[in-house]
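# Structural description and commentary
Here is how the chains run, residue by residue.
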Amino acid sequence: MVPHEADLRARLRRMAVPEDEVGDIVQDAYVKIARLDDVSHIRSGRAYFFSTARSVLLDRIRHNRIVRIDSLTEADALALADDDPGPERRASARQELERVRRLIAELPDRCRVIFEMRRIEGVPQREIAERLGIPEHTVEAQAIRGLKLILKAIAGESVEAMPSPRGSRKESERDEQRHE
């Protein structure tokens, strides 16, 4: 799903969703997906991600009780044709999801904890900083670092190029300080 985030953000912007809500919608979609007990029913990661975001957007529209007719029409634009991708694409999507989970697990410890809290659990940056007893700018830097590392690995750079969370504690601390 991470590879499709930029496309989803672009689609939401084209739909004139306020910029401050785009991030919240994407975050809420991640949270809904992360809470799934089983992902075997997902045939297309992209379609499922967009469909989840559409659901979040519609919930927000209903919650705000401000229903512009064009909002509902534009929300329908998020729906993707549900063409059965077949067993090969389903298997590929499962592999992609497992790869993303593995990449998250391979992030340096503090970076992984912050990334999971921010992107999967939806914890606000300020709250993460308070819980971990670190500055808020460090939380932001580590969350961005985690996303960049995952995107680089997905784009084709080898996983071995990612810093190992199992390296020595001093190496990990030096590496994290360099990226703060």
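Throughout, a residue's number is its position along its own chain's written sequence, starting from 1. Whole-chain, interface and lining totals are the exception, using all residues; otherwise, since this is a predicted model, local features are given only for residues with pLDDT of at least 70 and side-chain atom pairs are given and counted only at 80 or more. The side-chain figures draw on all heavy atoms in the structure; neither hydrogens nor water molecules are used.

## Remarks on the overall build of the chain
Rules: Only DSSP runs of H or I with at least four residues qualify as helices, and only runs of E with at least two residues qualify as strands; both kinds are numbered from the N terminus onward. When accessible area is computed with a 1.4 Å probe and restricted to protein chains, residues below 20% of their type maximum are described as buried, those above 50% as exposed, and intermediate ones as partly exposed. Contacts are residue-level and defined by heavy atoms, with any inter-residue pair within 4.5 Å sufficient. Computed with a 1.4 Å probe, the accessible areas rest on the Shrake-Rupley method; for each residue, only the protein chains presented here act as cover.
The helix and strand inventory of the chain stands at nine helices and zero strands. Sequence-ordered secondary structure for the chain, helices as α and strands as β, is α-α-α-α-α-α-α-α-α. Counting only residues that meet the buried cut, the chain has 37% of its 180 residues in that class. Relative to all contacts within the chain whose residues are 6 or more apart in sequence, the contacts with residues 24 or more apart total 67%. Just so you have it, the chain exposes about 10,800 Å², and 48% of that area is on carbon and sulfur atoms.

## Some thoughts on the environment of alanine 47
On the secondary structure map, alanine 47 appears in helix α3 (residues 45-64). Of the residues examined, alanine 47 reaches a relative accessible area of 19% and is grouped as buried. In this structure the C-alpha to C-alpha distance between alanine 47 and histidine 4, which are 43 residues apart in sequence, comes to 9.5 Å.

## Some remarks on helix α8 (residues 136-155)
We apply this condition: Expected helix span is given by 1.5 Å per residue-to-residue step, counting one fewer step than there are residues.
The terminal C-alpha atoms of α8 lie 29 Å apart, and with 20 residues this matches the ideal 28 Å at 1.5 Å per residue to within 8%. Listed in full, the buried residues belonging to α8 are Thr138, Val139, Ala141, Gln142, Ala143, Arg145, Gly146, Leu147, Leu149, Ile150 and Ala153. Glycine 156, located one to two residues past α8, shows a positive phi value of around 125°.

## Quick notes on the confidence of the model for the chain
Heads up, the condition is: Each residue carries a pLDDT score, the predictor's confidence in it, ranging from 0 to 100.
Considering every residue of the chain, the mean pLDDT works out to 75; 72% of them sit at 70 or more. For the chain, per-element mean pLDDT is lowest for helix α9 (residues 169-178), which scores 46, and highest for helix α7 (residues 125-132), which scores 93. Considering only residues more than four positions removed or in separate chains, one finds that residues 158-176, a stretch of pLDDT under 50, has 25 contacts.

## Observations concerning the packing of helix α1 (residues 5-14) against helix α2 (residues 19-34)
The angle between the axes and the distance between the axes are what describe a pair of packed helices. Convention followed: Axis geometry follows a simple rule: fit a line to the C-alpha atoms, using only the stretch in contact for helices, then measure angles between N-to-C directions, giving values from 0 to 180 degrees. Here roughly perpendicular refers to angles of 65 to 115 degrees, roughly parallel to angles under 35, roughly antiparallel to angles over 145, and oblique to all remaining angles. Crossing handedness: left-handed means the near helix sits turned counterclockwise from the far one by under a right angle, and right-handed means the same turn made clockwise. For this classification, the nonpolar set comprises Ala, Val, Leu, Ile, Met, Phe, Trp, Tyr, Cys and Pro, the charged set comprises Asp, Glu, Lys and Arg, and every other residue, Gly included, is treated as polar.
Running from N to C, α1 and α2 point in directions that differ by 140°, and their axes come no closer than 10 Å. With respect to α2, the element α1 is oriented oblique. Judged by the sense of rotation from one axis to the other, the crossing of α1 with α2 is right-handed. Across from Glu5, Leu8, Arg9, Leu12 and Arg13 in α1, the residues of α2 making contact are Glu19, Val22, Gly23, Ile25, Val26 and Tyr30. Here the residues of the contact of α1 with α2 sort into six nonpolar, one polar and four charged.

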